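Listed here are the chains, written in short residue letters.
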Amino acid sequence: IKNQLSRYLDFETGKALLVNNAEWLRTLNYIDFIREIGEHFSVNRMLTAEAYKLRMETGLTFLEFNYQILQAFDFLMLFRNYGCTMQLGGDDQWGNIVAGVDLIRRKETAGAQAVTTPLLTLSDGKKMGKTLGGALWLDPEMTSPYEYYQYWVNVDDRDVEGLLARFTFLPMEQVRELGALEGDKIRDAKSVLAYEATKITHGEVAAVEAQTGARSVFGGAWDGGNHLPTVIISRHRLEIGINIVDLFVEAKLGNTKSEVRRLIQQGGASVNSNRVTDISRVVDISDLADEDILLLRAGKKRFQRVKPQ
């Protein structure tokens with residue numbers, strides 16, 4: 001976590017600290033805790049929180065019910081140990097943060113502040129970061145820099161200006177100019193967004209490689225293909241032949257075989273720019289293209305490089 005957040009926060013010069021609440025939670029004595037902290041929480045007031053009201057309809061465990069108390073206690077300990085007087089979170093954390101403000105007032109006779117921001121939603125009304133393949137991760141092992149870059153390139157045209165403003169450090173004058181582009185030119189703005197966002201999260205080298213890989217695919221050239229996400233398979237398996245459906249699943253271009261079959265039947269799959277129409281097709285060594293690789297495509301925007309070894 002520290003490694004990921006160090007892209008955004010300065011931990012080296014003491015401007016930011018990363019602390020683990022296990023330091024104080026693991027040593028808690030349950031009886032002491034409910035007597036000294038639990039007495040300050042009204043069950044009636046807690047149940048007025050929107051999060052609890054929603055869970056009451058489907059079932060609320062005692063563990064979940066305690067979450068607000070524990071988060072409030074975290075705020076109290078951060079106040080005591082580090083002089084923390086402000087907690088920032090998404091709108092859905094408002095009740096928990098305010099509970100901490102109240103606990104600090106009661107236990108320490110001191111003031112603290114709560115700041116929340118609206119949850120990020122896109123023009124389609126969905127929470128940002130939720131894609132067809134799952135969540136958008138900061139960890140390069142979960143979402144590769146190339147996939148991260150592709151996420152930004154493929155955002156809705158209507159969201160470009162707002163995302164440039166929130167997720168890059170570009171001057172707002174430039175953000176507005178890019179956001180005002182229309183037609184095919186909006187692609188240029190998306191490329192800038194993708195590069196800048198990837199550079200912040202994964203570094204400039206990874207951003208350049210992701211950009212190079214993307215351009216090599218969409219430009220119809222193989223130059224730069226080394227920077228595309230790659231799956232390694234056994235050359236022996238390829239010499240024998242691999243069913244196209246199995247290959248796409250293994251390359252993570254489909255979650256299930258039935259999903260890949262539908263993709264092929266709808267004309268959305270290709271190998272080395274050649275559309276696949278037969279779900280029984282076998283891919284073998286003769287399909288290898290330049291640089292001894294296969295380039296698989298699912299839909300218009302998902303690519304995977306397959307390299308035999």
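Residues numbered from 1 in each chain as written. Predicted model: local features only at pLDDT ≥ 70, side-chain atom pairs only at ≥ 80, totals over all residues. Heavy atoms only, no water.

**Brief notes about the pattern of salt bridges**
Taken as a whole, this structure holds twelve salt bridges when the rule is applied. Notably, a salt bridge pairs D102 with R105, separated by 2.6 Å at the nearest N-O pair. Here the residue D102 and the residue R105 both occupy positions in helix α8 (residues 94-108), the gap between them amounting to three residues, near one helical turn. Residue D102 is classed as buried on the basis of its relative accessible area of 16%. With relative accessibility at 46%, the residue R105 sits in the partly exposed group. Among the ionic pairs, K257 bridges to D246, the shortest N-O distance being 3.1 Å. Note that K257 is positioned in helix α16 (residues 257-265) and D246 in helix α15 (residues 244-250), a separation of eleven residues in sequence. Classification of D246 by relative accessible area gives partly exposed; the value is 30%. Salt bridges sharing common partners tie together R45, D102, R105 and R106. (Salt bridge = Lys/Arg side-chain N within 4 Å of Asp/Glu carboxyl O. Helix = DSSP H or I, 4+ residues; strand = E, 2+ residues; numbered from the N terminus. Buried < 20%, exposed > 50% of the residue type's maximum accessible area, 1.4 Å probe, protein only.)

**Details of the packing of aromatic side chains**
Applying the stated criterion across every chain yields a total of four aromatic pairs. Judged by centre distance (5.4 Å) and plane angle (90 degrees), the rings of Y151 and W152 are edge-to-face. Taking the relative accessible area as the measure of exposure, W152 reaches 1% and is therefore buried. Relative to F167, the ring of W152 lies with its centre 5.2 Å away and its plane at 50 degrees, an arrangement referred to as tilted. Here W152 is found in helix α9 (residues 145-153), whereas its partner F167 is found in helix α10 (residues 160-167), with 15 residues between them in sequence. (Phe/Tyr/Trp six-rings, centres within 6.5 Å; stacked < 30°, edge-to-face > 60°.)

**Quick notes on the pairing of strand β1 (residues 86-90)**
Pairing of β1 with strand β2 (residues 113-117), which is carried by five bridges, proceeds in the parallel orientation. Across the sheet, the residue bridging to L88 is V115, located in β2. Handedness of the β1-α8-β2 crossover: right-handed. (Pairing = 2+ DSSP bridges. Right-handed = clockwise from strand over helix to strand, strands pointing away.)

**Thoughts on unusual backbone geometry**
The backbone phi angle of T109 is positive, close to 50 degrees, even though this residue is not glycine. Relative to the helices and strands, T109 resides in the loop between α8 and β2. Its identity is not glycine, yet K252 carries a phi of approximately 60 degrees, on the positive side. For K252, the position within the fold is in the loop between α15 and α16.

**Describing the layout of surface pockets**
Its boundaries defined by the atoms lining it, the second largest pocket holds a volume of some 1,000 Å³. Along the walls of the second largest pocket sit 28 residues, with T117, L119, L120, M128 and F167 positioned nearest its centre. At the level of secondary structure, the elements contributing two or more residues to the lining of the second largest pocket comprise α1 (2-5), β1, α9, α10 and α12 (186-202). (1 Å grid on protein atoms, 1.4 Å probe; cavity = no way out; pocket = protein on both sides within 12 Å on 5 of 7 lines; lining within 4 Å. Points joined across faces, edges and corners; volume = space filled by probe spheres on them.)

**A look at the confidence of the model for the chain**
Here the chain averages 87 in pLDDT, while 93% of its residues score no lower than 70. Between residues 220-224, whose pLDDT stays under 50, and residues either more than four places distant or in other chains, the model counts 13 contacts. (pLDDT = per-residue confidence, 0-100. Contact = heavy atoms within 4.5 Å.)

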